[in-house]
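# Summary of structural features
One-letter residues, chain by chain:
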Amino acid sequence: MWVSAIRSVQRNVLKGNQFIRLSSVSALAHLSPYYSDSSSEETISNTLNTTTAHESSFRELNSSGVVEILNNLRKDPVSAWQFFQQLKEKGFKHDVGTYVAIIRVLCYWRIHVKLDSVIVEVINSGREDLGFDISNLFEALLEGLEYDGSNSLVVALDVMIKSFATAGMFDEAIDTLFRTKRRGFGPSLLSCNYLINKLVECRKAEMALALYEQFGSLGLKPNAYTYAIVIKAYSRKGSLGKAGDVFMEMDEAGVVADSCVYTTFLEGVCDNGMPGVAYDILKKFRAVNAPIVADAYTAVLHGFVNQRKLNEAELVLRDMEEQGLVLDAYCYGFLIQGYCKAGNIIKAQAFHNEMTAKGIKTNCWIVTSLLECLCKIGRVGEAIDQFNGFKKLGIFLDNVTYNVAMDALCKLKQVEEANKLLYEMKGKKIDPDVVNYTTLIDGYLSIGKVVDALDLFEEMTKNGLKPDIVTYNVLAGGFSRNGLVEEANRLLDYMKGQGVDPDKVTHNVIIEGLCVAGKVKEAENFLIHLEDKCAENYAAIISGYCEANHVKEAFQLFNWLSEKGVSVKRNSCLKLLTCLCAKDEYVRALKIFTIVLTSDDGPCKTLFNKMIAALCRAGDMKKARWVFDNMVWKGLVPDVVTYTMMIHGYCRVNSLVEAVGLFDDMNQRGVAPDIITFTIMLDGYSKINFRRAGNRGDYRIEEDRTALLAQMKEMNLEADSICYTVLIDSHCKSDNLQDAMNLFNEMIDIGVEPDTVTYTALLSGYCKRGDVERAVDLVNEMSLKGVQLDNRTLGILKAKKVQFRHTKSAGIRRWEKLYM
């Protein structure tokens, strides 16, 4: 049998072609039991290696012999594939016929991965590389189908449609689909579903729906997955009504909606910004025993997280537990990530602990969110400790996680430790990417180690990684901050030589960096000679002036730009305004604010808060209120920080009525006061006469104060040492020493340590009453606890020194020895 097969092949090739004879024998030998002692892979490899000694024979090889061999290898797809690939490696140029032959083998055995790679190779290579293109292959496959009547090659046409869709070549995919149908071969529902799903994912919902409308003419009957894709398409368009109508269409077609359909619909409602509606619908689905799975709940939970409605997301999680659904890392991960983005690391870590306690394994995505949050809120050292802890637990950490740790170490100026992580990644077979190298380069530049940064840059390029614009900008900024003017200019030329055009960010980091390095003249010169200057470049020099403490020059340039009608970006305005406020130049700061206020963009909340803080500090509450009112008129809702600053400013100038008015306003707007707000209000009340009626009609100050304390209790706000001190001080000033002492004991009982200010307030009360003995006891207590006396405390004691000297107790003598 095997001998006749060989002879058949030999008749179809050139006579005397040694390579073909050897290849035929070697490729077919494994089909015979007589050759079972040697592997086909080794045989084919050895045979092909002989071509180096027979180059002339190799050049004479034609495709018909290869086709015949591949046809005879149909029952051994592994050997057929190896033969096809090794021929290609030896330089043989396959044509349409050999490609159809290998495709026929792969289709017969349904080896989709290799089939995909063959089709993709033809699509990507094309006529210039192969001598034919995908259209030639398509026609050849159709002819093969018509010739042998077998439907196995239809699989290849399906793969072709999917490959076009994967490559984003949708016109070609749809053309292949209809040409196949016109030749009498219907595409599979699987490939059509794949195509319309890809269209939806690539934001071509209209095209997907148009193709879906043609399913009938293509002889296709939609299944549940098809309808799920259609629902997604309508959702992406914002047509939720039509998405809901799909359920009726399914019912008419006799297709039962599965969990995928219900989940897709809920995802669509959430994607349109209505997770609350989606949750209500989910409950209705559940009430009629629809097949609702955990994925549906996770979709709604994710929807709430995207809108930062984290309390509602928590409720969904607890509902999942009540329904007996198995929670996984995805539902916990979305919630943890939501709290991390909100900066609430306590809640994020609590849910992470809950998740791991249930035996659910964490992953690098969740870990990265936790570490990024810690860095964002300034707990960089803790982030590094947790990173090391996660490593010890054996959790796989990817490039992104390592980059967070490296960036944290660089921020702590521990760049060498960060560099060790790079080698650690390599040891774990994790290839560092451009971002990892850029982070380390920035770290070395931040500590002035320019040579080390350049060594890393060279290593990155040698490893085949191409620096991007971010990497070059990091280098440009680093050179400039280290005063290397010539190196920064050379870098610009090098970038252009590498085909990377410097952008405005590149120019800006050079300008600002030179100013940071104290080379202001060089920065000015760079800006002067810069072609096509833009507003951002001028903003950079303003920021640079501020960094170099040339605030006067920055203000003058800002004025000049404003007169020319050039708007300066907010960050530079904020930096200049901050510098002016730090120098108590409130008039100039207010001028900048006024100019920004009338600009198209207008100031941001941070700029408003900076201006309000400066004016409150200066005691100019009239202008501060003007800024505050403008903030409201601009549609920006003041937060608790803004209100607290204003209230504190009014209290400082003894305008309690205005402070109370703002406190009432923040409550009406739903802005919850915090413990600092309450403390400032209580302190404001303590500074007026508690025994007289206030200037708010017959409403007494003491009643207001009591109402504040009741609101604090209702909001579950616990007083800190500052709040207790304010309360104690107010009681002492009103001669309610017993109440003051009760509060003093209460704060100690609950673990809040009194400080020097607290003791001084109580001491002042006792001295005012003339209760020297209790005052001495307090002084002794301060001494035992290591609480230092400040100047105010010493002043109070010295004012009472006569009374102390007349007292003969041991405690007084001890006080005299220590403090007099």
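Once a new chain begins, its residue numbering starts again from 1 and follows that chain's sequence as written. Given that this is a predicted model, residues contribute local features only at a pLDDT of at least 70 and side-chain atom pairs are listed and counted only at 80 or more, while totals for whole chains, interfaces and linings are drawn from all residues. Think of the side-chain values as coming from all heavy atoms in the structure, minus any hydrogens and water.

Our next topic: the overall build of the protein. Secondary structure assignment for the protein yields 49 helices and zero strands. Exposed residues in this analysis have more than 50% of their type's maximum accessible area, buried residues have under 20%, and partly exposed residues fall in between, with area computed by a 1.4 Å probe over protein chains only. Each of the 820 residues in the protein was classed as buried or not, and the buried ones make up 48%. In the protein, the proportion of contacts linking residues at least 24 apart, taken out of those at least 6 apart, comes to 62%. Under the convention used here, a 1.4 Å probe and the Shrake-Rupley method define accessible areas, while residue burial counts only the protein chains that appear. Of the accessible surface of the protein, which amounts to about 40,400 Å², a share of 51% is contributed by carbon and sulfur atoms. In this text, helices come from DSSP runs of H or I with a minimum length of four residues, and strands from runs of E with a minimum of two, each type numbered from the N-terminal end. Every residue pair with non-hydrogen atoms within 4.5 Å of one another is taken to be in contact.

Our next topic: the packing of aromatic side chains. Centres within 6.5 Å make a pair out of two Phe, Tyr or Trp rings, where for Trp the six-membered ring is used; the pair is then stacked when the planes are under 30 degrees apart, edge-to-face when over 60, and tilted otherwise. This model, assessed by the stated rule, comprises 24 aromatic pairs. Ring geometry for Phe-387 and Tyr-402: centres 5.2 Å apart, planes at 80°, overall edge-to-face. Taken together, the residues Phe-387 in helix H24 (residues 380-392) and Tyr-402 in helix H25 (residues 399-411) connect sequence positions 15 residues apart. Classification of Phe-387 by relative accessible area gives buried; the value is 1%. Note on Phe-593 and Phe-608: the rings are 5.2 Å apart at their centroids and 75° apart in plane angle, and the pair reads as edge-to-face. One end of the pair, Phe-593, is in helix H36 (residues 586-597); the other, Phe-608, is in helix H37 (residues 605-618), and 15 residues separate them in sequence. The residues Phe-593 and Phe-608 share a single accessibility class, namely buried. Taken together, the aromatic side chains of Trp-81, Phe-84, Tyr-99 and Phe-132 make up a single cluster linked through ring pairs.

A separate point is the nonpolar core. Ile-103, Leu-137 and Leu-195 are the most contacted members of the largest nonpolar core, which has 257 residues in total. The contacts of Ile-103, once residues within four sequence positions are left out, are Leu-115, Val-118, Ile-119, Leu-137, Leu-141, Leu-153 and Ala-156. Working definition of a nonpolar core: buried Ala, Val, Leu, Ile, Met, Phe, Trp, Tyr and Cys residues. They are joined through side-chain atoms within 4.5 Å.

Assignment of secondary structure puts Tyr-108 in helix H7 (residues 96-108). Judged by its relative accessible area of 49%, Tyr-108 falls in the partly exposed class. Residues Tyr-108 and Ser-152 lie 44 residues apart in sequence; the distance between their C-alpha atoms is 5.9 Å.

Position of Thr-263 relative to the elements: it lies in helix H17 (residues 259-271). Thr-263 has contacts with Val-293, Asp-295 and Ala-296, leaving out every residue within four places of it along the chain.

Time to look at unusual backbone geometry. Peptide bonds are trans in most cases, and residues, glycine excluded, mostly fall at negative phi. Of note in the backbone geometry, Asn-549 takes a positive phi value of approximately 65° without being a glycine. Relative to the assigned elements, Asn-549 resides in the loop between helix H33 (535-547) and helix H34 (551-563). A positive phi angle, close to 60°, is found at Asp-584, a residue other than glycine. Mapped onto the elements of the fold, Asp-584 is located in the loop between helix H35 (570-582) and H36.

A side chain of one charge can pair with a side chain of the opposite charge if their charged atoms are brought near each other. Salt bridge, as used here: a side-chain nitrogen of Lys or Arg that lies within 4 Å of a carboxyl oxygen of Asp or Glu. Tallied over the full model, the rule gives 31 salt bridges. The residue Glu-424 makes a salt bridge to Lys-391 at a minimum N-O spacing of 2.8 Å. Within this pair, whereas Glu-424 is found in helix H26 (residues 415-427), its partner Lys-391 is found in helix H24, the two being separated by 33 residues in sequence. The partner of Asp-629 in a salt bridge is Arg-625, with the nearest N and O atoms 3.2 Å apart. Within this pair, Asp-629 and its partner Arg-625 are both found in helix H38 (residues 621-633), separated by four residues, close to a single helical turn. On the basis of relative accessibility, which here comes to 28%, the residue Arg-625 falls in the partly exposed class.

Here the focus is the packing of H35 against H36. Where H35 contacts H36, the axes come no closer than 8 Å and their chain directions differ by 160°. Comparing the axis directions of H35 and H36 gives the class roughly antiparallel. As for the relative orientation of H35 and H36, their crossing is left-handed in sense. Residues Cys-573, Leu-576, Leu-577, Leu-580 and Cys-581 of H35 touch H36, and the partners they reach there are Tyr-586, Arg-588, Ala-589, Ile-592, Phe-593 and Val-596. Fitted lines through C-alpha atoms give the axes, limited to the stretch in contact for helices. The angle between two N-to-C directions lies from 0 to 180 degrees. The labels follow the angle: roughly parallel below 35 degrees, roughly antiparallel above 145, roughly perpendicular from 65 to 115, and oblique for the rest. Note on convention: near helix rotated counterclockwise from far helix by under a right angle means a left-handed crossing. Clockwise means right-handed.

Turning our eyes to something else, we now look at the packing of helix H21 (residues 329-341) against helix H22 (residues 345-357). The interhelical angle for the contact between H21 and H22, taken along N-to-C directions, is 165°, at an axis separation of 8 Å. Here H21 is positioned roughly antiparallel relative to H22, judged by the angle of their axes. H21 and H22 meet at a crossing whose hand is left-handed. Where H21 abuts H22, its residues Ala-329, Tyr-332, Leu-335, Ile-336, Tyr-339 and Cys-340 lie against Lys-347, Ala-348, Phe-351, His-352, Glu-354 and Met-355.

On the surface, Glu-213, Asp-245, Glu-249, Asp-251 and Glu-252 cluster together into a negatively charged patch. By the secondary structure assignment, Glu-249 is in helix H16 (residues 240-253). The partly exposed category is assigned to Glu-249, whose relative accessible area is 32%. Each patch is assembled from residues with relative accessible area greater than 30% and no salt bridge, linking like charges that lie within 9 Å and nonpolar side chains (Val, Leu, Ile, Met, Phe, Trp, Tyr) that lie within 5 Å. Residues scored as charged are limited to Lys and Arg (positive) and Asp and Glu (negative), so that His and the chain ends carry no count. Lysine's charge is taken at NZ, arginine's at CZ, aspartate's at CG and glutamate's at CD.

This part covers helix H30 (residues 485-497). Along an α-helix, a turn takes 3.6 residues, which lines up residues three or four apart on a common side. A helix is expected to span 1.5 Å multiplied by its residue count minus one. The end-to-end C-alpha separation of H30 is 19 Å, in line with the 18 Å expected for 13 residues at 1.5 Å each. For H30, the set of buried residues is Ala-488, Leu-491, Leu-492 and Met-495. What you see down the axis of H30 is that its buried residues fit within an arc of 100°, all on one side. Opposite the buried face of H30, by more than 90 degrees, sit the exposed residues Arg-490, Asp-493 and Gly-497. Buried residues along H30 sit against helix H29 (469-481), helix H31 (504-516) and helix H32 (520-528). Taken from the residues just after H30, Gly-499 is the one with a positive phi, measuring 80°. By construction, the arc corresponds to the directions joining the helix axis to the C-beta atoms.

Another aspect to go through is the environment of Asn-403. Within the element layout of this structure, Asn-403 appears in helix H25. When its relative accessible area of 14% is taken as the criterion, Asn-403 is described as buried. Here the alpha-carbon distance between Asn-403 and Leu-422, two residues 19 residues apart in the chain, equals 9.1 Å. Setting aside anything within four residues of it in sequence, one finds Asn-403 in contact with Val-435, Asn-436 and Thr-439.

Glancing now at helix H41 (residues 675-686). Between its first and last C-alpha, H41 extends 16 Å over 12 residues, near the 16 Å set by a 1.5 Å rise per residue. Burial within H41 is extensive, with 10 of its 12 residues counted as buried. Buried within H41 are the following residues: Ile-675, Thr-677, Phe-678, Thr-679, Ile-680, Met-681, Leu-682, Gly-684, Tyr-685 and Ser-686. What qualifies as a polar contact is a pair of N or O atoms within 3.5 Å, subject to a donor-acceptor requirement within protein and to the restriction that residues adjacent in sequence count only when both atoms come from side chains. Backbone nitrogen of Ile-676 and a side-chain oxygen of the N-cap are separated by 3.1 Å at the start of H41; the cap is Asp-674.

Take the environment of Ser-567 next. Summarising the element assignment, Ser-567 is placed in the loop between H34 and H35. Given a relative accessible area of 52%, Ser-567 falls into the exposed group. Sequence-wise, Ser-567 and Tyr-538 are 29 residues apart; in three dimensions their C-alpha atoms are separated by 9.6 Å.

The score called pLDDT rates the predictor's confidence residue by residue, from a low of 0 to a high of 100. With 86% of its residues at a pLDDT of 70 or more, the protein shows a mean pLDDT of 85. Within the model, the stretch residues 1-41 combines pLDDT values under 50 with 59 contacts to residues more than four positions away or in other chains.

Any two cysteine sulfur atoms lying within 2.5 Å of each other are counted as a disulfide. Throughout the structure, instances matching the rule amount to zero disulfides. The thiol of Cys-515 is unpaired, and the distance to the nearest cysteine sulfur, on Cys-546, comes to 9.6 Å. Residue classification places Cys-515 among the buried residues on the basis of a relative accessible area of 1%. Sulfur of Cys-573: no disulfide; nearest cysteine sulfur belongs to Cys-604 and is 9.3 Å away.

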